[in-house]
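Close look at the chain arrangement
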There are 2 protein chains.
Amino acid sequence: MPYRAPIRDFRFLLDHVVGFAEVAGTDRFADATPDMTGAILTEAGKMCADILAPLNQIGDKNPAHLDNGIVRTPPGFPDGYRAIATGGWIGMSAATEHGGMGLPMTLTTIVNEMMSGACLALQLNPLMTQGQIEALEHHASDAIKSVYLPKLISGEWCGTMNLTEPQAGSDVGALRTKAEPNGDGTYAITGQKIYISWADNDFTANVCHLVLARLPGANPGTKGISLFMVPKLIPDADGNPGRKNDLRVVSLEHKMGLHGSPTAVMEYAGATGWLVGPEHGGMAAMFTMMNNARLGVGMQGIGTAERALQHALAYAQDRKQGRADGTGAIIEHADVRRMLTTMRADIYAARAIALMNAVAIDMATATHDPAWTARAAFLTPITKAFGTDVGVEATNTGVQIHGGMGFIEETGAAQFVRDVRVSTIYEGTNGIQAMDLVARKLMDGGDAAFRLLDDVVRGAEAAKATHPDLAHAVWEAAETLREATEWLVGRPDLNDRFAGAVPYLRAFARVLGGHVHLASAMAGDTGHLRLATFYIKRMLPEYLGLLIHVREGAADLAAITADDLAAA
Amino acid sequence: MPYRAPIRDFRFLLDHVVGFAEVAGTDRFADATPDMTGAILTEAGKMCADILAPLNQIGDKNPAHLDNGIVRTPPGFPDGYRAIATGGWIGMSAATEHGGMGLPMTLTTIVNEMMSGACLALQLNPLMTQGQIEALEHHASDAIKSVYLPKLISGEWCGTMNLTEPQAGSDVGALRTKAEPNGDGTYAITGQKIYISWADNDFTANVCHLVLARLPGANPGTKGISLFMVPKLIPDADGNPGRKNDLRVVSLEHKMGLHGSPTAVMEYAGATGWLVGPEHGGMAAMFTMMNNARLGVGMQGIGTAERALQHALAYAQDRKQGRADGTGAIIEHADVRRMLTTMRADIYAARAIALMNAVAIDMATATHDPAWTARAAFLTPITKAFGTDVGVEATNTGVQIHGGMGFIEETGAAQFVRDVRVSTIYEGTNGIQAMDLVARKLMDGGDAAFRLLDDVVRGAEAAKATHPDLAHAVWEAAETLREATEWLVGRPDLNDRFAGAVPYLRAFARVLGGHVHLASAMAGDTGHLRLATFYIKRMLPEYLGLLIHVREGAADLAAITADDLAAA
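Residues numbered from 1 in each chain as written. Chains lettered and ligands numbered in written order. Predicted model: local features only at pLDDT ≥ 70, side-chain atom pairs only at ≥ 80, totals over all residues. Heavy atoms only, no water.

**Points about the pattern of salt bridges**
For clarity, the cut-off: By definition here, a salt bridge exists when the distance from a side-chain nitrogen of Lys or Arg to a carboxyl oxygen of Asp or Glu is within 4 Å. Numbering of helices and strands runs from the N terminus; a helix is a DSSP stretch of H or I covering at least four residues, while a strand is a stretch of E covering at least two. Buried, partly exposed and exposed residues are distinguished by accessible area as a fraction of the type maximum, computed with a 1.4 Å probe on protein chains only: under 20%, between the cut-offs, and over 50%, respectively.
Taken as a whole, this structure holds 54 salt bridges over all chains when the rule is applied. Across the pair Asp-564 of chain A and Arg-530 of chain B runs a salt bridge, and its minimum N-O distance is 2.6 Å. Taken together, the positions of Asp-564 of chain A in the segment after helix 20 (555-559) and Arg-530 of chain B in helix 18 (residues 526-539) put the pair across two chains. The partly exposed category is assigned to Arg-530 of chain B, whose relative accessible area is 23%. Among the charged side chains, a network of salt bridges with common partners joins Asp-9, Glu-113, Glu-306, Arg-344 and Arg-351 of chain A.

**Quick notes on the relation of the copies chain A and chain B**
Here is the rule we go by: When the copies are superposed, the least-squares fit draws on C-alpha atoms of residues that have pLDDT of at least 70 in both. Two residues form a contact once any of their heavy atoms are found within 4.5 Å.
At an RMSD of 0.0 Å, chain A and chain B line up after a rotation of 180 degrees and a shift of 0.0 Å along the axis. Both chain copies can therefore be described as sitting about a two-fold axis. In this assembly, 100% of the residues forming the interface of chain A have copies in chain B that are likewise at the interface, indicating an isologous arrangement.

**Notes on the UniProt feature "domain: Acetyl-CoA dehydrogenase-like C-terminal" (unreviewed entry) in chain A**
Applied cut-off: UniProt positions are given in the numbering used here, feature names are shortened, and annotations may be inferred rather than shown by experiment.
Following the UniProt record, one finds the feature "domain: Acetyl-CoA dehydrogenase-like C-terminal" (unreviewed entry) at residues 464-560 of chain A. Taken end to end, residues 464-560 of chain A is 80% helix and 0% strand, and its two terminal C-alpha atoms sit 45 Å from one another.

**Description of the interface of chain A and chain B**
Threshold: Two parts placed together each lose some accessible area under a 1.4 Å probe, and adding up what both lose gives the buried area. Definition of a polar contact: a pair of N or O atoms within 3.5 Å, with one able to donate and the other able to accept a hydrogen when the atoms are protein atoms, and with sequence-neighbouring residues admitted only if both atoms are side-chain atoms.
Contacts between chain A and chain B engage 92 residues on the former and 92 residues on the latter. The largest share of the area that chain A buries against chain B comes from Phe-407, Arg-538 and Leu-565 of chain A, three residues that together contribute 12% of it. Remark: the boundary between chain A and chain B carries four salt bridges. On inspection of chain A and its partner chain B, the count reaches 47 residue pairs in polar contact (both at pLDDT 80 or more). It is helix 10 (residues 334-367) of chain A that provides the largest number of residues to the side of chain A that touches chain B, a total of eight residues.

**Re empty space enclosed by the protein**
Residue and element names in this part refer to chain B. Heads up, the condition is: In this analysis the probe radius is 1.4 Å and the grid spacing 1 Å, with only protein atoms considered; a cavity is a set of points the probe fits into but cannot get out of, a pocket is an open set with protein on both sides within 12 Å along at least five of seven lines, and lining residues have an atom within 4 Å of a point. Grid points are joined across faces, edges and corners, and a volume is the space filled by probe spheres set on the points. As a working rule, the residues Ala, Val, Leu, Ile, Met, Phe, Trp, Tyr, Cys and Pro are called nonpolar, Asp, Glu, Lys and Arg charged, and the rest polar, with Gly in that last group.
In this structure the tally under the stated criterion is four cavities of 30 Å³ or more. There is about 40 Å³ of room inside the largest cavity. Contributing to the lining of the largest cavity are Asn-56, Ser-116, Gly-117, Cys-119, Leu-120, Thr-304, Arg-307, Phe-416 and Asp-419. Of all elements in the fold, only helix 6 (105-118), helix 9 (282-318) and helix 12 (413-420) reach the threshold of two or more residues within the lining of the largest cavity. Here the residues of the lining of the largest cavity are counted per class, giving three nonpolar, four polar and two charged.

**Regarding the environment of Thr-73 of chain A**
All names here are of chain A. Examined against the element boundaries, Thr-73 turns out to sit in the loop between strand 2 (70-72) and helix 5 (77-86). Dropping the residues within four chain positions of it, Thr-73 is found in contact with Ala-64, Pro-78, Trp-198, Asn-201, Asp-202 and Phe-203. Within the local environment of Thr-73, its side chain forms a polar contact with the side chain of Asp-202, the two groups lying 2.7 Å apart.

**Topic: the pairing of strand 4 (residues 178-181) of chain B**
For the record, the criterion: Between any two strands, pairing holds if DSSP finds at least two bridges.
Across four bridges, the pairing between strand 4 of chain B and strand 5 (residues 187-197) of chain B is antiparallel. Residue Ala-179 of chain B lies in a different strand from strand 5 of chain B, and its bridge partner there is Ile-189 of chain B.

**Points about the confidence of the model for chain A**
Heads up, the condition is: On a scale of 0 to 100, pLDDT captures the predictor's confidence in every residue.
Mean pLDDT over chain A works out to 97, with 100% of the residues at or above the 70 mark. Among the scores for the predicted complex, ipTM is 0.98 and pTM is 0.98.

**Some details on the environment of Glu-332 of chain B**
All names here are of chain B. In this structure, Glu-332 sits in the loop between helix 9 and helix 10 (334-367). Here Glu-332 falls in the partly exposed class, since its relative accessible area comes to 25%. Residues Glu-332 and Gly-80, spaced 252 residues apart in sequence, show a C-alpha to C-alpha distance of 38 Å. A polar side-chain atom of Glu-332 sits 3.4 Å from a polar atom in the side chain of Arg-337.

**Some words on unusual backbone geometry**
Unusually for a residue other than glycine, His-280 of chain A sits at a positive phi of about 65 degrees. Of note, His-280 of chain A is situated in the loop between strand 11 (263-276) and helix 9 (282-318). Owing to a relative accessible area of 34%, His-280 of chain A belongs among the partly exposed residues under this scheme. Despite not being glycine, Tyr-195 of chain B shows a phi value in the positive range, around 55 degrees. Locating Tyr-195 of chain B in the fold gives a position in strand 5.

**Considerations on the packing of aromatic side chains**
To be explicit about the condition: Centre distance within 6.5 Å is the pairing criterion for rings of Phe, Tyr and Trp, where only the six-membered ring of Trp is used; planes under 30 degrees apart are then read as stacked, over 60 as edge-to-face, and the remainder as tilted. By definition, being over a ring means that NZ of Lys or CZ of Arg is both within 6 Å of the ring centre and within 35 degrees of the ring normal.
One pass over the structure, following the stated rule, counts 14 aromatic pairs over all chains. Where Trp-198 of chain B meets Phe-203 of chain B, the ring centres are 5.5 Å apart and the plane angle is 55 degrees; that geometry is what we call tilted. Members of the aromatic cluster, connected to one another through ring pairs, are Phe-77, Tyr-81, Trp-198 and Phe-203 of chain A. Residue placement shows Arg-351 of chain B over the ring face of Phe-10 of chain B; its charged tip is 5.3 Å from the ring centre.

**Notes on the environment of Pro-262 of chain A**
Residue and element names in this part refer to chain A. With respect to the helices, strands and loops of the structure, Pro-262 is situated in the loop between strand 10 (247-252) and strand 11. Residue classification places Pro-262 among the buried positions, given a relative accessible area of 2%. In the structure, Pro-262 is positioned 196 residues away from Leu-66 in sequence and 8.8 Å away in space, judged by C-alpha atoms. The contacts of Pro-262, once residues within four sequence positions are left out, are Ala-64, Val-71, Ile-196, Ser-197, Trp-198, Ala-199, Asp-200 and Leu-252.

**Some points on the pairing of strand 3 (residues 157-162) of chain B**
Residues and elements named next belong to chain B. Judged by how many residues are buried, strand 3 sits mostly within the fold: six of six residues are covered. Residues Trp-157, Gly-159 and Met-161 of strand 3 are buried on one face, and the alternating residues Cys-158, Thr-160 and Asn-162, pointing to the opposite face, are buried as well. Relative to strand 6 (residues 206-213), strand 3 runs parallel, the two sharing six bridges. Bridge pairing in strand 6 places Asn-162 opposite Val-211.

**A closer look at the UniProt feature "domain: Acyl-CoA oxidase/dehydrogenase middle" (unreviewed entry) in chain A**
Within the UniProt annotation, "domain: Acyl-CoA oxidase/dehydrogenase middle" (unreviewed entry) is assigned to residues 161-267 of chain A. As a span, residues 161-267 of chain A carries 0% helix and 48% strand, and end to end its C-alpha atoms are 14 Å apart.

**Focus: the domain arrangement of chain A**
Which entries qualify depends on this criterion: What marks off one domain from the next here is an automatic or database domain assignment.
Looking at chain A, the domain boundaries give domain 1 (140-148 + 155-284) and domain 2 (431-561). Each of domain 1 of chain A and domain 2 of chain A has a C-alpha centre, and these two points are 39 Å apart.

**So, the packing of helix 1 (residues 7-17) of chain A against helix 3 (residues 34-52) of chain A**
Residues and elements named next belong to chain A. As a reminder, the rule being used: Here an angle of 0 to 180 degrees is reported between the N-to-C directions of two axes, which are lines fitted to C-alpha atoms, with helices fitted over the stretch in contact. Throughout this description, any angle smaller than 35 degrees is read as roughly parallel, any larger than 145 degrees as roughly antiparallel, any in the 65 to 115 degree range as roughly perpendicular, and the remainder as oblique. Working rule for handedness: look at the near helix, and if it is turned counterclockwise from the far one by less than a right angle, call the crossing left-handed; if clockwise, right-handed.
At a closest axis distance of 11 Å, the pairing of helix 1 and helix 3 adopts a crossing angle of 160 degrees. When the axes of helix 1 and helix 3 are compared, the pair comes out roughly antiparallel. For the element pair helix 1 and helix 3, the recorded crossing hand is right-handed. On helix 3, the residues that touch Ile-7, Phe-10, Arg-11 and Leu-14 of helix 1 are Thr-37, Gly-38, Leu-41, Thr-42 and Gly-45. Of the residues belonging to the contact of helix 1 with helix 3, the class tally is four nonpolar, four polar and one charged.

**Describing helix 11 (residues 370-401) of chain B**
All names here are of chain B. Condition: Expected span of a helix: the number of residues minus one, times 1.5 Å. Each residue is assigned a bend, namely the angle between axes fitted to the seven residues that terminate at it and the seven residues that start at it.
The end-to-end C-alpha distance of helix 11 is 45 Å, a good match for the 46 Å that 32 residues give at a rise of 1.5 Å each. The sharpest bend along helix 11 measures roughly 30 degrees and falls at Leu-379, with the proline Pro-381 sitting one to four residues further on. Taking burial as the measure, the 32 residues of helix 11 include 24 buried ones, the bulk of the element. Between the side-chain oxygen of the N-cap and the backbone nitrogen of Ala-371 there are 2.8 Å, and the N-cap of helix 11 in question is Asp-369. A positive phi of about 60 degrees marks Gly-403, the residue just after helix 11.

This is how it looks when you write it as C-alpha cells:
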C-alpha cells in the first residue's frame, strides 16, 4: 500500500485557486517563498511516502497497549515520530522565538494532510502537540513558555488535550475535575478524564497534559473552567524531566480504528499543575487549541480519503472483470469511474476549502484584518465537518470499488473506513460544527457568509464568457444559498437554525466546492475542466434538496415523539 | 444491547400499505390468515429478542475460526441455529411437499429482517439455505429434491452458494472450476472458490454446496456454466450423511465485520457432484437463488439499521448533555432528533419497499400474472441496494449519535457498521443492482417502472384532499422520475444509462419512500403523519439533485482519464 503525497494538487491550489501569493507577500510570512514552499512539499512528501506510509497497516495490526502501566506503541512508530520531529514538521508554524519556523498555517495544513494520509494514527500525536503549542503561545506565562515551548516544538516532548469526562462530552461545561491551590503558585489537579488521545507513549521524554479543571468556588458551566499544564514528569530547575507527577493512564480503549493511537482514561490524583491563562478563562485557551485542531482534523478526513482514493484507483486499474472497453480493467466501467471521480472531485473540493481556510488564518495573523478573522472562523466548521464527511464517504466508496476484497482486512481498504470514522466525532462532532456555523458564525448577521458568496458570484461572472453552463450553475447555487442564509439569519429561535444546520453546512461546502472547481477550470488544464464539469453538473445539484431541508425549521421536528421513532 | 422485533411496523404495513390481504386472499396462500400471521410475528419476534439478539456481540468477539481443518463457530451459535431450525423459520416458504410450510415470501421476508437485526452473522446461514431450497425446488431432479429438500427445510443440513473465484467476481462468466463426467451420472468437480459464506460449521450434520462449474467443451462466458450439488458428506442409500467428499475449507478470511460467520476459501479436488438443472443452464438456477438472496440481503441492511436505531434511540433518551429542553436528554437536541428521525424514516421506507417487493413475488407465485412478476423483478434491485445503503447510512448515524462512545467497540454501535458493510457488496454489488435496474429491468420499455409510478400518482391524488402539500410533493417527484425514466429508456447506448444508474436507483427508492410514507399518513395515526411529513418535506427532495445527475449521460464521464484522478 504505497502512498504518494498529492503535491501536484497543492502546488496548483496554492498558485491558482486559494491565493497563497497574498500570504507570501506579507511581511509576516515573507519567508514562505516559492522555493521554500517547494522544498517543504517535496521533503514532507518524501518522508510521508517513504517513512510514515509503511507504518499505517502495522499500527492497525499491532495496537498500542498497556504493559504494566506503560504505554507501548506499534513497531516503527518511535522511528516514524522521530522523523516527523527532526524534520521540524511539528513546530513549522510556531514562533521562531522558541525554535519554530514561523511559517504559514497553510503549509502546516498541507503537511498535516500528507502525514494523515500516510499514517493517521501516528499523525494524531503531533496534531495534538501543535494545538498545545498554539494555546501556550497565546495564553501561557513567559515562564511556562520558556520551559515547554522549545521542547514541544522540537518534538522532544509532546502534548495532549484533556477536556472530556464521562458526564462531560459535547457539554464541556459539565466537567468536575478539581484544581486546588497548593499555596506555592501551583495547583493540585484531581479528577478523571476520558478519550485522551496519545495520553502517553514510549518515544518522547515527557508528555504535557493541558487539563481543564474547576477552581474552588468557580461558577458552574464553562465560565468556571480554568486550564492547567500538568506534565507527566515535573521539569526540574534546568527544565529537564524530573520527578513523576501524580497522574496515570488507567486504561486504553478498544476502538473501531486508529489502533496505533493510544486513547486513554487518565486519572489525576492531586497532580501538580500550573495555570495557563487567567483563572476561569480556560475556555478561551481551549478554543485556540480546538480551532487549530478542528482544521487539523478536517485534514485527517481529507488525507485519509486521498489515501483511499489512491488505493482504489490502483485496484481499479489493475482488476479485470467483465466486458470493459479499453484496458479491460474495471476503471472502464461507468459506475466504477463514477465512484472514483466522485471521490476525486470531493477530495479536491474539500482540500481547496481547507486551504482557503488556512489562507484566511494566515492573512488574519499577518494583517489583523477582522474580515480575514471572520472568514477563518466561518470556514473552520466547514473544513472540519465537510473534510471528515468526505473522509467517511470516500473511504467507504473505496471499499465498494474493491468489491468483496474491500471487506477483507488484508486488503487495507477497510482500515481507512475504520480509522477515519472518529474524525466526524472528535474535536466537536460534525453536528456541533454545524450548530456553531448557523449560530455563532451567523451572529454577524451573515456578513462573513455573504462575503464568501460574493466571491463565489464574482468567480462565476468571470467564468461566464468561457464556461457559461458551469458558471451559471455555480452562480445559481450561490444565490439560492444566499437566500437560505438570509432565511436562517432571520430566525430568532435558534432551534429553527439547528434543525437544518447539518444540511446547511453541507450545502455551503457544495457551493464552495463549485467555486473552487470553477476557478480550477479557469486556471488549469483540460483535466481540471473535466473534473470541474463532473462536480458542477453531477454533484453540486445536491444543494437543491439540502436547502429545502434547511428551510423547514424546527416545529415539525420538535413534534416527533420517541414513540414515533419506535417500530416495535 | 436488547433488541425488540419491529412488529408494530410489520402489522401496520401488511394491513394498510402493501396490500398483504390480496396475498392472503389467494388460494395459494389461504393459510396466511391474520391469526397465522400474528402468531408468526409474535413467535419469531420472541426468538429473535430472547435467543438470537444476545449472540450478536458474542459472535463479534469470538470469531469463527479453523481448528485443525474444522470450522468452530462462536459460543451459543449452535443453540441459536437450533432455535431457528426447530422454529421452522428456514423452510417457512418452502413447499409443503418436502416439509415446508408453504407460507408467503412476505412472511419469510419479515422473519429474515428480524433475525438479521438480532444476529446478522448467524442469520446469514439460513439465508443461504433458503436460496438453495428455492433453487432446488425450481431446477433439481426429483431424486435430488427428495434427498436434500427435507433436510435443508428442517435445518438438519444447510446450504451454500459457490460462485466466486479469484478472477471471477462480478463477472461470474469468467469462472474456471471444472466438472468432468464420472460416467455414473455424477461429476468430478475441481477448482477453487472464494468468499463462501458459512462454508462449514459445527452444528449441522451436513453442508450442501451448490457449485457453478464448466463442463468439458462448454462455451466460455455465462452460457457455458452448469450448476452442481456437491455435499460435504455424500448421502448414503438411505439419504444419511456418508463418506467425506473431496472438498475442504482451505482458510477463513479476516473480515471487517460479520466475525461470527465463517467466510472460506474452498478447494474442490475432484469432489463428487450432481447436476442441478440442464447442462450449461447453471445461470438460470443461480439467478433463482440470487434473486431470493438479494431480497434477503436487503433485509439484512434494514434489520441491522433497525437494531442500530433502537440502540441509538435508547442512548439518546438516556444520555444527558447540554441545555436540552424537556427531559434534558440529548434526544431533545434538534440535530440528534434529526439524525434519529432520518434513520427511522429511511428504515420505514426501505422496509415498506421490501414488503411491496415480497408481496409482488407472492402474487406472481399465486396468480402467474406477468405484471406481478415484472414488478417483483423491478423492485428486487431497489430493495437490495436501497435496503443495504440504508443499512450502511443508519448504522453510521447510530455511531454518530453515540459521540465518542460510538467509536469504542464495547458500546456495540461500531459493530453494526462493520457487520453491515458487506451487504452493499455481496449478492451483486449495489452498482451491479443499479445496472440491472436501468438495463434488464427497463428492457420492457419502462412498463414495470411506469406502472409503479402510476400507483404513486394514484396514491398522491387520493391524498390531495386531506394532505395537499405532501400529496403535491410526492406527485411532482413521481412525474419528474417518470421523465427521467423516459430519458433512460430512450438511450440506446447502455453506458448512458449506467453512468447514472446508482443515482437513478436511489431516486426511485426516494420516490417509492414518499409513496409509502404518504399511504401511511393516510391510513395511520398522527405519528405516521409526523414521520411522513419529515420524510416528504426533508428527505424526498434529494431526488432533485439525483435526477439531474441521471440525465448527464456517459460522455463527460468517459472522458475522465486516470491522470485526472491523481493528485500526486
